[in-house]
Amino acid sequence: MQETENPGSAAGADQEQGTWYSGWFAWCPTSDRLLEIAESQILRKIQSYYESEFVRLENGHKIWTLKFNPRATKTPLVLVHGFGGGVGLWAMNVDNLSQNRTVYAFDVLGFGRSSRPQLSSDPEEAEEQFVDSIEQWREKIGLDKFVLLGHSLGGYLASSYTIKYPARVKHLILADPWGFPVKPSKDNIHRHIPVWVKFLGAVLSPFNPLAGLRAAGPWGPSLIRQFRPDFQRKFSSILSDDAIFNYIYHCNAQEPSGETAFKGMTIPYGWARNPMIYRITSVDRNVPMTMIYGSRSWIDSKLGQETKDRRRGCQVDVVVVAGAGHHVYVDKPQQFNELVEAVCQREDE
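Presented here is a report on the structure given in the accompanying data block. Computed from a prediction, not measured in an experiment: that's the story for all the values here.

### Comments concerning the side chain of His 81
- With respect to the helices and strands, the residue His 81 is situated in the loop between β4 (74-80) and α4 (94-97).
- Judged by its relative accessible area of 3%, His 81 is buried.
- Separated by 2.9 Å, the side chain of His 81 and the backbone nitrogen of Val 108 make a polar contact.
- Those residues in contact with His 81 that sit more than four places away from it in its chain are Gly 86, Val 87, Trp 90, Phe 106, Asp 107, Val 108, Phe 111, His 151 and Gly 154.

Laid out in structure tokens, this is it:
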């Protein structure tokens, strides 16, 4: 592994840390350094050679980036993680996916180790800021065309990016993408959502989605273990301790940024203010799409078929992976990796 940093002053990054650092972290036991350590405990399990760097954008913000098999010449693959995630969550995938090609994984602006600026609360403007940061990142990296894969929120952003920059995307892969469906009618919502969920949603609606994690202070890490014990099982083949809990905690216990923008992009109970299902027809018809869903996911795979119907005459493949949940890429990593590699090989040709 080689870690480098693009040229440029670190003054902007220092200012981003702000004066809140000492007071906030006295209660919330996290820091950039602890996140770096937590990430390294996961990445050391990866066998592939990779390089890492902070890619500096024009506005001084930084995008934390990993580049696996950097000297490969076949079609590159770019991975975009979901809400509350980071590059470490691709640990079950990058070894296989980078055997024949360069794989790029980066922390989305406002998440993980990337800069956490104050992003807009306006849904259209926030989405544009995310997409613009990806395009600036692409320019700085020097990529021309690539296969673009996004999971959950990353799938929503990858779709939006492809709408605006179709010439850059050879194939769009969406893994259990968030933000496609339209909010059901009020009657249907009340019929299917339990009373306690509606109550909790009403109480927490003024706050950022992960405010409770930060409010828990030193009890935050144990909160992660209690509410998401499944993550230890998902990563058990490469991680035998609490490394994944620590990583998820430190990714999300820091100053909210992308999280705040995401809140502005949603309406109660998690629907997108600007559903992608109506906009997916704006993707250039020459850009092929593959949609991968987990059969046990809370994301409805029927939206894949609806996307295919709306894009009639375009290549849209829909795959449902049996036994997988929302995190299909770690629930069934071998099958997921084979599906993605098959797509990439077709684009190589």
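### Remarks on the nonpolar core
- Counting residues in hydrophobic clusters, the biggest one holds 48 residues, and the most contacted among them are Leu 77, Leu 149, Ile 244 and Val 340.
- Broken down by element, this core gets its largest block of residues, seven residues, from helix α12 (residues 243-252).
- If we skip the residues at most four places from it in the chain, Val 340 touches Leu 77, Leu 97, Leu 149, Ile 173 and Ile 292.
- Counting residues in each nonpolar core, the second largest holds 46 residues, with Tyr 104, Val 131, Ala 158 and Leu 174 among its members.

### What to know about unusual backbone geometry
- Within the chain, Asn 69 stands out as a residue other than glycine whose phi angle is a positive 50°.
- Secondary-structure assignment places Asn 69 in the loop between β3 (62-68) and β4.
- Look at Asn 69 and you get partly exposed, because its relative accessible area is 23%.
- Backbone geometry places Ser 152, a non-glycine residue, at a positive phi of 55°.
- As for its placement among the helices and strands, Ser 152 is situated in the loop between β6 (146-151) and α6 (153-164).
- Among the residues examined, Ser 152 registers a relative accessible area of 8% and is labelled buried.

### Description of the packing of helix α3 (residues 32-43) against α12
- Two numbers describe how α3 lies on α12: the axes approach to 9 Å, and their chain directions differ by 145°. Considering the relative orientation of α3 and α12, their crossing is left-handed. For the pair α3 and α12, contact is made by Leu 34, Leu 35, Ala 38, Glu 39, Gln 41 and Ile 42 and by Ala 243, Ile 244, Asn 246, Tyr 247, His 250 and Cys 251, respectively.
- Grouping the constituent residues of the contact of α3 with α12 by class yields eight nonpolar, three polar and one charged.

### Some points on the pattern of salt bridges
- Under the definition given, this model contains 14 salt bridges.
- Of the charged contacts in the structure, one is a salt bridge between Arg 279 and Glu 127, with a shortest N-O distance of 2.4 Å. Here the residue Arg 279 occupies a position in the loop between β9 (271-272) and β10 (289-294), and Glu 127 occupies one in helix α5 (residues 123-141), the gap between them amounting to 152 residues.
- Classification of Glu 127 as buried rests on a relative accessible area of 6%.
- Glu 128 serves as the salt-bridge partner of Lys 164, at 2.3 Å between the closest nitrogen and oxygen. With Lys 164 in helix α6 and Glu 128 in helix α5, this residue pair connects regions lying 36 residues apart in the sequence.

### Observations concerning the pairing of β4
- Among the seven residues of β4, six are classified as buried, and the element is accordingly described as predominantly covered.
- As paired strands, β4 and β6 are joined by four bridges and run parallel to one another. Paired with Val 80 across the bridge in β6 is Gly 150.

### Some thoughts on α5
- Its 19 residues place the ends of α5 27 Å apart at the C-alpha level, agreeing with the 27 Å of an ideal helix rising 1.5 Å per residue.
- Three or more residues of α5 are buried, namely Pro 123, Ala 126, Glu 127, Phe 130, Val 131, Ser 133, Ile 134, Glu 135, Gln 136, Trp 137, Arg 138 and Ile 141.
- Measuring from the backbone nitrogen of Glu 124 back to the side-chain oxygen at the start of α5 gives 3.3 Å, which picks out Asp 122 as the cap.
- Downstream of α5 by one or two residues, Gly 142 has phi in the positive range, about 90°.

### Let's talk about the packing of aromatic side chains
- Inspection of the entire model under this criterion finds 13 aromatic pairs.
- Note on Phe 54 and Trp 64: the rings are 4.6 Å apart at their centroids and 50° apart in plane angle, and the pair reads as tilted. With Phe 54 in strand β2 (residues 50-56) and Trp 64 in strand β3, the pair connects residues that are ten residues apart, well separated along the chain. Judged on exposure class, the residue Phe 54 and its partner Trp 64 are both buried.
- Seen from their ring centres, Trp 178 and Phe 262 are 5.0 Å apart, and the 55° between their planes marks the pair as tilted. Residue Trp 178 is found in the loop between β7 (169-175) and α7 (186-192), and its partner Phe 262 is found in helix α13 (residues 258-265); the two are separated by 84 residues along the sequence.

### Re the pairing of β10
- With six of six residues buried, β10 lies mostly within the body of the structure.
- Alternating positions in β10 separate into two faces, Met 289, Met 291 and Tyr 293 on one and Thr 290, Ile 292 and Gly 294 on the other, with burial throughout.
- Sheet topology note: the β7/β10 ladder contains four bridges and is parallel. Within β10, the position partnered with Leu 174 by the bridge is Met 291.
- Both β10 and strand β11 (residues 316-321) contribute to a ladder of six bridges, which runs parallel. Paired with Met 289 across the two strands is Val 316, which belongs to β11.
- In this view, the connection linking β10 to its parallel neighbour β11 by way of helix α14 (residues 302-310) has right-handed handedness.

The rules behind the values
Residues numbered from 1 in each chain as written. Predicted model: local features only at pLDDT ≥ 70, side-chain atom pairs only at ≥ 80, totals over all residues. Heavy atoms only, no water. Helix = DSSP H or I, 4+ residues; strand = E, 2+ residues; numbered from the N terminus. Buried < 20%, exposed > 50% of the residue type's maximum accessible area, 1.4 Å probe, protein only. Polar contact = N/O pair within 3.5 Å; in protein donor to acceptor, adjacent residues only side chain to side chain. Contact = heavy atoms within 4.5 Å. Core = buried A, V, L, I, M, F, W, Y, C linked by side-chain atoms within 4.5 Å. Axes fitted to C-alpha atoms, helices over the stretch in contact; angles between N-to-C directions. Left-handed = near helix turned anticlockwise from the far one by under 90°. Nonpolar A, V, L, I, M, F, W, Y, C, P; charged D, E, K, R; others polar. Salt bridge = Lys/Arg side-chain N within 4 Å of Asp/Glu carboxyl O. Pairing = 2+ DSSP bridges. Expected span 1.5 Å × (residues − 1). Phe/Tyr/Trp six-rings, centres within 6.5 Å; stacked < 30°, edge-to-face > 60°. Right-handed = clockwise from strand over helix to strand, strands pointing away.

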